[in-house]
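Topology and contacts: notes
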Amino acid sequence: MNGEGSGENEQEFGEKHFGEETRKEEECSVENDRGNKRIKEMPIDRFGELPDSLLIHILSFLNVKEAAITSVLSKRWESLWAELPRLEFRAEMARMDSPGDSGSIQKMRDFVCWVNRALAVRTVNYLENFDVSFLYHKCFSSDVDAWVQFAANNKVKKLNLHIYCWDDFYTPPEAMYSCPSLTTLHVKGCIMDFKRTVEWQSLTDLHLHVVFVDQRLLDEILTSCPVLYTLFLQRCRGFNRLEVNSGSRLHRLSIEDCEYKDDAPSLKISAPSIHSLKVVLPMWGRKLQLGNISSLVIADIDYEGFSWDSSAVDVMSGARELLESVNHVKELCVGLQFIKIVSMMAVTGWQLPQSMRKILIVASEYKYSIGIIDLLESSPNLESLVIVGCAIAGEDFILEPGVEDDLACDLLHLKTIRVRNFSGSTSEPMLTLARILLKRATTLEEMVITTDVKDLSDFTEMVQAMLTYPRSSAKAVVRLIK
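Attention here is on the structure that accompanies the text. (Residues numbered from 1 in each chain as written. Predicted model: local features only at pLDDT ≥ 70, side-chain atom pairs only at ≥ 80, totals over all residues. Heavy atoms only, no water.)

**Examining the nonpolar core**
Going by this rule: Take the buried Ala, Val, Leu, Ile, Met, Phe, Trp, Tyr and Cys residues and link them wherever side-chain atoms come within 4.5 Å; each set so joined is a nonpolar core. With a 1.4 Å probe rolled over the protein chains alone, any residue whose accessible area is under 20% of its type maximum counts as buried; one over 50% counts as exposed, and the rest are partly exposed. Whether two residues are in contact is decided by their heavy atoms: any pair within 4.5 Å suffices.
F89, F130, W147, M192, W200, L242 and L376 are the most contacted members of the largest nonpolar core, which totals 127 residues. If near-sequence neighbours (up to four positions away) are discounted, W200 is found in contact with M176, Y177, C179, L182, L185, M192, L206, I221, S224, C225 and P226.

Shown next as structure tokens:
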């Protein structure tokens, strides 16, 4: 009996002990499950795991104001935006009714204060890009001086200084000219008058827009920038010549002249190293004289100006001289105003000089197709033709009747033709030109016409007309795209 009782007690004890252990394990498991659930529910800071350099790179895709907002996220983010490699400050251009307009000046003052605060918290001494664009008043000259000095001290690579002013142009400080780290410089609305040596050893791209740059400084730039590749002078004053030595690396030159005095000294350009030249000249302004441009491959020429007529002999004479100066280039682009002049030259019996060009790009309204025909007749080696249809506001002159309906010669090398923004019905001069090209391009491979005609019936008429035109090249494929 005692033995049996003892066995029963042991069994009861074991079951009780086992049950207690099982209960504890179950409770522990429940607690672990709760803890794991809380861990899973906690938000994971993925950005917090990233290194500062990557966060700064992400912030660089925002503008400065947007990036500065992130400083409220946490202590770590407080100063990250201040390390951005690119700083861009662009003010909304408020209309300024007068030089002393208080409302505009206050907006400018707020913008200037914001830029000053942003630069004050800067924590690194490296700057890839510094871009400032705002409406300027002379009372902020010292602030802008400090910004330029800041950029130079931080070894800036790309500096964009776009100053929109009422009457007083901004004069940059010496620091802008003594910045060997600069690779790209864009300046707008300034007076550049520096009497010392320019230290732009790394500068490859220089864009000046509405800038007064005197002759001495321009000469200094052309001789003291050993790797300068691109030079844009848009509506600039203060010079009348550009002389580039043969050893220069200058490749692209673009000039939009704004000297409207016809008695002003001619603008003389000698640049034997350049491959690409773009010039836009005032129709009634000073003359352009092109000297040594023996390496030129691409020429882009146009005029701007007011109404004129066939009595403007000087204008047509200047256009012919310009064409003769670039008759050796491989690619010629002519703009709207220039093709109008060429058309009037054709109507009044002027002959264009023969050329070596292989590519011709023309922006034209189609009623001036006679000018395109004359350019084609002076391009016996032409291989590619692009015509971009453009609308011309107003009516400067009306061509006389008797527009040519054929070429005086075949185009033996013309293989591709692109016509863009074609519009109109079967009576359009452009259809006549298309017929002439199909007839005269003996080795034509492809003609692509993109039309903006909205009416389906007009488009159908165009297609039917094109199908009736004979083709001298058996390989010619014609595509009309609506």
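**Focus on the sheet that holds strand 7 (residues 241-243)**
Stated precisely, the cut-off is as follows: Following DSSP output, two strands are said to pair if at least two bridges run between them. Note on conventions: DSSP H or I runs of at least 4 residues are helices, E runs of at least 2 residues are strands, and numbering of each starts at the N terminus. Axis definition: a line fitted to C-alpha atoms, limited for helices to the stretch in contact. Angles are taken between N-to-C directions and run from 0 to 180 degrees.
Read across the sheet, 3 strands follow the order 7-9-11 without closing on themselves; strand pairing throughout is parallel. Unpaired on one side and paired on the other, strand 7 and strand 11 (288-290) mark the two borders of the sheet. Direction aside, the axes of adjacent strands within the sheet are offset by 15° on average. As paired elements, strand 7 and strand 9 (residues 267-270) share 3 bridges and run parallel to each other. Directly across from L242, in strand 9, lies its bridge partner I269.

**Brief notes about the layout of surface pockets**
Selection criterion: Grid spacing is 1 Å over the protein atoms alone, the probe is 1.4 Å, and a cavity is where that probe fits but cannot get out, while a pocket is an open set with protein on both sides within 12 Å along at least five of seven lines and lining residues have an atom within 4 Å of a point. Grid points are joined across faces, edges and corners, and a volume is the space filled by probe spheres set on the points.
Each pocket or cavity is described by its volume, and for the second largest pocket that value is around 250 Å³. As for the second largest pocket, its lining consists of 18 residues, and the residues nearest its centre are K287, L288, Y303, G318 and E321. When contributions to the lining of the second largest pocket are tallied by element, the ones reaching two or more residues are strand 10 (276-282), strand 11 and helix 8 (313-325). No other element matches the 8 residues that helix 8 contributes to the lining of the second largest pocket.

**Some points on the pattern of salt bridges**
For the record, the criterion: Salt bridges are counted wherever a side-chain nitrogen of Lys or Arg sits within 4 Å of a carboxyl oxygen of Asp or Glu.
One pass over the full model with this rule turns up 19 salt bridges. Here D168 and K138 are joined by a salt bridge, their closest N and O atoms 3.9 Å apart. One end of the pair, D168, is in the loop between strand 3 (158-165) and helix 6 (174-177); the other, K138, is in the loop between strand 2 (129-136) and helix 5 (141-153), with 30 residues separating them in the sequence. Beyond isolated ion pairs, a larger network of salt bridges with shared partners links D406, D410, K439 and R440.

**Digging into the environment of Y469**
Tracing the chain through its elements places Y469 in the loop between helix 12 (456-468) and strand 18 (477-481). Using a relative accessible area of 14% as the deciding quantity, one classes Y469 as buried. Each C-alpha atom, one on Y469 and one on R435, is 5.8 Å from the other, the two residues being 34 residues apart in sequence. Residue contacts for Y469: discarding those within four places in its chain leaves L431, R435 and L438.

**Re the packing of aromatic side chains**
Filter applied, for reference: Between rings of Phe, Tyr and Trp, where Trp is taken as its six-membered ring, a pair exists when centres lie within 6.5 Å; planes separated by under 30 degrees are stacked, by over 60 edge-to-face, and by other angles tilted.
Counting across every chain of the model gives 11 aromatic pairs. Taking the centre distance of 5.5 Å and the plane angle of 65° together, the rings of Y136 and Y170 count as edge-to-face. Of this pair, Y136 sits in strand 2 while Y170 sits in the loop between strand 3 and helix 6, and the two are 34 residues apart along the sequence. With respect to class, Y136 is no different from Y170; both count as buried. Centre to centre, the rings of Y177 and F194 are 4.3 Å apart; their planes meet at 5°, and the pair counts as stacked. Placement of Y177 in helix 6 and of F194 in the loop between strand 4 (184-192) and strand 5 (205-213) is noted, with a sequence separation of 17 residues between them. Exposure remark for F194: the relative accessible area of 7% places this residue in the buried category.

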